[in-house]
Amino acid sequence: MRKTVILLVSFLIISCQNQNQLKPMDTTKNEELVKAYFEHFNKHDWKKMSEMYTETADFKDPSLGPGIVKQTRKQIADKYAALNAAFPDLHDKVIQVYPSGEKHIIVEFVSSGTAPDNSKFELPICTIFTIENGLITKDFTYFDNFEEEEN
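A few points on the structure. (Residues numbered from 1 in each chain as written. Predicted model: local features only at pLDDT ≥ 70, side-chain atom pairs only at ≥ 80, totals over all residues. Heavy atoms only, no water.)

Turning our eyes to something else, we now look at the pattern of salt bridges. Under the criterion given, the structure shown has six salt bridges. The salt bridge partner of Lys70 is Asp58, with a shortest N-O separation of 2.7 Å. Of this pair, Lys70 sits in strand β2 (residues 65-72) while Asp58 sits in strand β1 (residues 53-61), and the two are twelve residues apart along the sequence. Between Lys79 and Asp61 there is a salt bridge, and its shortest N-O distance comes to 2.6 Å. Taken together, the residues span a long stretch of sequence, with Lys79 in helix α3 (residues 73-86) and Asp61 in strand β1 at a distance of 18 residues. Here Lys79 falls in the partly exposed class, since its relative accessible area comes to 22%. (Salt bridge = Lys/Arg side-chain N within 4 Å of Asp/Glu carboxyl O. Helix = DSSP H or I, 4+ residues; strand = E, 2+ residues; numbered from the N terminus. Buried < 20%, exposed > 50% of the residue type's maximum accessible area, 1.4 Å probe, protein only.)

Given below as structure tokens:
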């Protein structure tokens, strides 16, 4: 009987330790996915980047209008290709990555580029990615979309 109790307690302790080890591994996988995402972005490999999303993903993005907008992989690739055409040296510099639970990663970054007329921009952005089964299901991006008026 005593051996049975010791085995049961040992099993419970090992099970709890194994469960605690899974969470950091999931976060690490999500962080690796986000790192690869920004590598594809900075290489302007829009096809590979778009394949990191589910077939249709939810977006919140001031450039797409108010509310949640569904985008296919093709629409995602086309959007960034058009942005890249306007800013050939388009680049994102990741400032900080904040894991948030098992399914979310918050990324703070600065997007920059130069237009053909040599005007430059730098835009601080924050994106909340929802990741499920190794793919991005939601991309909620926040930035100041206010354009200054010239006097």
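That covers the picture; the talk isn't over yet.
A separate point is the pairing of strand β6 (residues 135-142). Pairing between β1 and β6: four bridges, direction parallel. Paired with Phe59 across the strands is Asp139, a residue of β6. The sheet contact formed by strand β5 (residues 120-132) and β6 spans seven bridges and is antiparallel. Bridge pairing in β6 places Thr127 opposite Thr141. The loop that links β5 with its antiparallel partner β6 comprises two residues; one of these, Asn133, has a positive phi angle of about 55°. (Pairing = 2+ DSSP bridges.)

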